[in-house]
Amino acid sequence: MAAARRPAGPAQGTVDLSLRSPRYIQVYAAIRDWIYQGTYRPGQRLPTEGELCELFAVSRITTRKAVDMLVDEALVVRQPGRGTFVVEDLADAPVIGDMEQLLRKVERLGKNNRVARAEVQEQVADAETRKDLGLAEGARVQRASHVRLLNKEPIGYVVTFIPADLEVRFDLNELNESPMLNLLERKGVDIASCDQVITATLADGRLAALLNTTVGAPLVHVRLMVFDSRRRPVERLVAWYRADHYHHHVHLTRKSR
């Protein structure tokens, strides 16, 4: 594999102290851009933490947090004793989007849709929820679920899990009025990023009954992980939407060259 190299040109090591975004976010964004622009190619080793510290004039804690974010996004992988490498299958890496756009979209969704069969309860986290939220065995979560309606027709079933140690509580009235992402922000949770995966599935008997469709009907499955500014997972969301009512529109532009 090719050795790591420093980016050439005036853009190398640019951390703007006048910006409101934390330094590790700026370092993360710069390295991510270099990966997507081909400065660091699939399978290539990144500079060491020490080299990144020198390159950006920041601390090791800052560079480590930035690389942690790249690892979480499956853009790079750490190999003990060898270094950190860009993933070989970069084509499968996640597309980076605007968090503010997601928040606005969620807010509009809450205004245009209605909620039915809402439930909120505290319970012991199951194994999958513990894994996603980084919780210990026996940890408790607040589970909220609801059916989303459009023109009185059920179009989606949404379940969210919030770590109980966040000490954030919701009641049914709040859940009926606002999506969980907006509620978390109102409760003072510092939301910084999300990781969303969208796949296809088929309705089983339970989902078919909830969504007023037939067993085997096509559904869109959404898994959303929400992180705060310290990269701590603060929400796990799983949802199933009827395929005949789900529309995902992305507008892509090219950077000027």
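Conventions used here
Residues numbered from 1 in each chain as written. Predicted model: local features only at pLDDT ≥ 70, side-chain atom pairs only at ≥ 80, totals over all residues. Heavy atoms only, no water. Helix = DSSP H or I, 4+ residues; strand = E, 2+ residues; numbered from the N terminus. Buried < 20%, exposed > 50% of the residue type's maximum accessible area, 1.4 Å probe, protein only. Polar contact = N/O pair within 3.5 Å; in protein donor to acceptor, adjacent residues only side chain to side chain. Phe/Tyr/Trp six-rings, centres within 6.5 Å; stacked < 30°, edge-to-face > 60°. Lys NZ or Arg CZ within 6 Å of the ring centre and 35° of its normal. Core = buried A, V, L, I, M, F, W, Y, C linked by side-chain atoms within 4.5 Å. Contact = heavy atoms within 4.5 Å. Arc of directions from axis to C-beta. pLDDT = per-residue confidence, 0-100.

Undergrad: Mind laying out the side chain of Gln44, listing which residues take part and the relevant values?
TA: Relative to the helices and strands, Gln44 resides in the loop between helix H1 (23–37) and helix H2 (49–56). Classification of Gln44 by relative accessible area gives buried; the value is 2%. Side-chain polar atoms of Gln44 contact the backbone nitrogen of Arg41, separated by 2.9 Å.

Undergrad: Now, about the packing of aromatic side chains: what can you tell me, with residues and values included?
TA: All told, the structure shown has three aromatic pairs when counted by the stated rule. An angle of 65 degrees between the planes, with centres 6.3 Å apart, marks the rings of Trp34 and Tyr40 as edge-to-face. Taking relative accessible area as the criterion, Trp34 reaches 8% and is therefore assigned buried. Centre to centre, the rings of Tyr157 and Trp240 are 6.1 Å apart; their planes meet at 20 degrees, and the pair counts as stacked. Separated by 83 residues along the polypeptide, Tyr157 in strand E5 (residues 153–163) and Trp240 in strand E8 (residues 233–242) bring together distant segments of the chain. Take Tyr157 and Trp240: they sit in the same class, and that class is buried. Three or more aromatic residues joined by ring pairs make a cluster, and in this case those are Trp34, Tyr40 and Phe56. It is Lys65 that lies over the ring of Tyr24; its NZ or CZ is 4.0 Å from the centre.

Undergrad: So what's going on with the nonpolar core? Which residues, and what values?
TA: Ranked by internal contacts, the top residues of the largest apolar core, which has 23 residues, are Phe170, Met180 and Leu184. When contributions to this core are tallied by element, the ones reaching two or more residues are strand E3 (114–124), E5, helix H7 (180–186), strand E7 (218–228) and E8. Look past the residues within four positions of Met180 in its chain and what remains in contact with it is Ala144, Thr160, Ile162, Phe170, Leu175 and Glu235. Core analysis: the next-biggest nonpolar cluster, separate from the first, contains 22 residues, Met69, Leu70, Val86 and Leu90 among them.

Undergrad: Now, about unusual backbone geometry: what can you tell me, with residues and values included?
TA: The backbone phi angle of Ala57 is positive, close to 60 degrees, even though this residue is not glycine. For Ala57, a relative accessible area of 62% puts it in the exposed group. Look at Lys152: it is not a glycine, yet its phi comes out positive at around 70 degrees. Along the chain, Lys152 turns up in the loop between strand E4 (140–150) and E5. For Lys152, a relative accessible area of 79% corresponds to the exposed category.

Undergrad: Give me the lowdown on H2, citing residues and values where you can.
TA: Turning to H2, its buried residues are Leu52, Cys53, Leu55 and Phe56. Down the axis, H2 shows its buried residues gathered within 165 degrees of arc, on one side only. Against the buried residues of H2 lie H1 and helix H3 (60–72).

Undergrad: Could you give an account of the confidence of the model for the protein chain, naming the residues involved and the relevant values?
TA: Overall, the prediction assigns the protein chain a mean pLDDT of 81, with 80% of residues at 70 or greater. Considering only residues more than four positions removed or in separate chains, one finds that residues 8–12, a stretch of pLDDT under 50, has five contacts.

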